[in-house]
Amino acid sequence: MSSHSISFIAAISGKIVQNVLVAHCYHRNRQVCTQYQRAFCPTSMRNLLPFEGGKLAWNDNSAMHSPFLSKYQSGCVNRGTFFCNAAPSTTASPPSEKVDFLKLQNGSDIRGVAVAGVEGEPVNLTEPVTEAIAAAFAAWLLDKKKPDSSKRLRVSIGHDSRVSAQKLQDAVSRGIAGAGLDVVQYGLASTPAMFNSTITEDDKFSCPVDGSIMITASHLPYNRNGFKFFTNAGGLGKADIKDILERAANIYNNFTVESMKDAERKAASSVKRVDYMDIYTSDLVAAVRKATGNIEKPLDGFHIVVDAGNGAGGFFAAKVLEPLGAITTGSQFLDPDGLFPNHIPNPEDKAAMKAITQAVLDNKADLGIIFDTDVDRSAAVDSTGRELNRNRLIALMSAIVLEEHPGTTIVTDSVTSDGLTAFIEGKLGGKHHRFKRGYKNVIDEAIRLNSVGEESHLAIETSGHGALKENHWLDDGAYLMVKLLNKLASVRASGVSGGSKVLTELVEGLEEPAVAVELRLKIDQSHPDLKGGSFREYGEAVLKHLENITESNPELQKAPVNYEGVRASGYGGWFLLRLSLHDPVLPLNIEAPSDEDAVKLGLLVLAAVNEFPALDTSSLDKYVRVS
């Protein structure tokens, strides 16, 4: 059967998706409603085969789930199964289009559009671009490691469940191999596992590797993808990413037919396939057993449901919980599906949290666990349906860590609540160090504090990124949940029962605001008020003006220690206006004991920022009027 294009129309953020290439797909189950059989054939993450003849080979028996868009699922009785032969990648053809590589930087990650079809979002993460980025990482790694001529460096590659995963893994492999390094493919994997492959010592799994690349765009829509990079020193920082992208631009501009064919030949002979997730998950299981004195099944009788959101976290139920004795019936969306048809894999998303909460209640489970797409973030739900995410998750992890390390400093991002500070410092006896947004910022600050003699064992962001000193400062959503399981299991081993009540009791006393809102005030970069300046300069001017207003207002008290934006308390609550890390946006967070008090804070901010005509205050205008 030849490759062919089919069109389908789907509402995704009001955009039209069409002309999606489906490679050698045929449908096995006729019970699925034919009207909606038009769909992607995404990568079957468990059936990827090694390179053959310079291309990823697929067998005809690789089962694929048809990822129907959730809007159309209600009319389909049976999702059915597709079989796919992936069309070969188009390689060995030097690119002709111009690319601004630096625009692909997203802090300490790289993000771009990898799948065509969404209006207004042209593809900029093509295979040649990807190959150039991988080759640049290889060059960067060679400069850092400086191996002698007898050693060939190794790079591991993993990916989440996105539909573009295979073609990007293929391109990354060519870029790494073309630079003279060995490639170890892990297939479907989690971001934390990729870092762990740089410190694991096991020849059977070709570990440790010298560098690692995770292909992921976290919780972003299906058409996006990107890369995270690791060495045994941890994740790369912003300066490293900029360096790699600058190198990639030069490599890209110097591609030739010969160099690209040479990369294909090298990839065909240097790629190895390893199921590294087996060793990663066995380490998680061992950690829980160790916490209970090496009981074989310390979670025996616990009913725990997992929601992987069709991302890469489905392994947690069968490979971590079940070997520990837990019952996992009712777990949902464990199969990888790069269109994320059920909900966004994001512990901050309301629909996602509603889904795992309902699963806990429907199955009368003791605990629910939810992961983001690449498993570097997580959250939980107790047996009563109470969400343990955002400030509650930080409070819970702080309680556990402070039991183990009394008095330690907990580093968080800038938008955590005043109630959390009171809980950490007043009830738990720790110290709360509120820093900037961005998981890498939070982690790096905890590392810095330790380096100057201030003990810190936990760095955690409101979004669910959490890293522990004991776990190499890796933001690992699975390991965070292991810490919760350790608590459940160790209490059970001591003869106390009560299920997840043990965890809920740890956050008793946490003061939570009645009202919590986040609004985004966008800066119009084409507005004449910018006068040729950057949005960052304009945003800083807005913040400076608000700071002056705040200091002169007797109703407000400026935060004595603040590393980002303008934060002030008043009317029983607080507000924080800051400049986005990457976008022309000023996010505004308000927490207050009532709607009336929240509006008062909003009006104070509005009065100050209204003097800046390039700032779109419509969301704040609407909030103070409606509330």
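Check the entry above for the structure.
So, here's what we can say about the structure. Keep in mind that this is a model prediction, so the values were computed, not measured. Within each chain, residues carry numbers counting from 1 in the order of the written sequence. With pLDDT at 70 or above as the cut-off, local features in this predicted model cover only qualifying residues; side-chain atom pairs require 80 or more to be listed or tallied, and sums for whole chains, interfaces and linings still use all residues. Hydrogens and water are ignored here; the side-chain numbers use all heavy atoms of the structure.

**Comments concerning the environment of Leu153**
1) Next: For Leu153, the location among the structural elements is in the loop between α2 (127–145) and β10 (154–159).
2) Next: Taking relative accessible area as the criterion, Leu153 reaches 3% and is therefore assigned buried.
3) Next: Considering only alpha carbons, one finds Leu153 and Ala138, 15 residues apart in sequence, at a separation of 8.8 Å.
4) Next: Between two residues, a contact is recorded if the distance between any of their heavy atoms is within 4.5 Å. With sequence-adjacent residues up to four places away left out, Leu153 is seen in contact with Leu141, Leu142, Lys145, Pro147, Leu181, Asp182 and Asp210. Helix and strand assignments come from DSSP, with helices taken as H or I runs of at least 4 residues and strands as E runs of at least 2, each series counted from the N terminus. Note on classification: 1.4 Å probe, protein chains only; a residue is buried when its accessible area is under 20% of the maximum for its type, exposed when over 50%, partly exposed between these limits.

**Some remarks on the pairing of strand β17 (residues 367–371)**
1) Next: Buried residues dominate β17, accounting for five of its five residues.
2) Next: Going residue by residue along β17, you find Leu367, Ile369 and Phe371 tucked away on one face and Gly368 and Ile370 tucked away on the opposite face as well.
3) Next: Across four bridges, strand β16 (residues 304–307) lies against β17 in parallel orientation. By the bridge assignment for β17, Val305 is matched with Gly368.
4) Next: Here, a strand pair is defined by DSSP locating no fewer than two bridges between the strands. Here β17 pairs with strand β18 (residues 378–382) via five bridges, running antiparallel. Within β18, the residue paired with Phe371 across the bridge is Ser378.
5) Next: Counting the residues between successive antiparallel strands, the hairpin from β17 to β18 contains six residues, one of them, Val375, with a positive phi of roughly 70°.

**Digging into the packing of aromatic side chains**
1) Next: When the centres of two rings from Phe, Tyr and Trp lie within 6.5 Å, Trp using its six-membered ring, the rings pair. Their planes under 30 degrees apart give stacked, over 60 give edge-to-face, and anything left gives tilted. A full pass over the atoms with the stated rule returns twelve aromatic pairs.
2) Next: For the ring pair Phe101 and Tyr252, a centre distance of 5.3 Å and an interplane angle of 70° mean the geometry is edge-to-face. Of this pair, Phe101 sits in the loop between β7 (81–84) and β8 (105–106) while Tyr252 sits in helix α5 (residues 238–253), and the two are 151 residues apart along the sequence.
3) Next: Ring geometry for Tyr280 versus Phe315: centroids 6.2 Å apart, planes at 75°, classification edge-to-face. Taken as a pair, Tyr280 in helix α7 (residues 277–291) and Phe315 in helix α8 (residues 315–321) lie far apart in primary sequence, 35 residues in all.
4) Next: Accessibility expressed as a relative area gives 3% for Tyr280, which makes it buried.

**Section: the sheet that holds β17**
1) Next: One open sheet accounts for four strands, arranged β16-β17-β18-β19; its pairing is mixed. In this open sheet, the two strands that pair with only one neighbour each are β16 and β19 (387–388).
2) Next: Structural elements are reduced to axes, namely lines fitted to C-alpha atoms, with helices fitted over the stretch in contact, and the angle between N-to-C directions of any two is expressed from 0 to 180 degrees. Contacts from helix α13 (residues 477–493) reach β16, β17 and β18 within the one sheet, and its direction differs from that of β17 by about 165°.

**Quick word on the environment of Leu142**
1) Next: Within the fold, Leu142 resides in helix α2.
2) Next: Each C-alpha atom, one on Leu142 and one on Gly180, is 9.9 Å from the other, the two residues being 38 residues apart in sequence.
3) Next: Sequence-distant contacts of Leu142, that is, excluding residues within four places in its chain, are made with Pro147, Leu153, Ala179 and Leu181.

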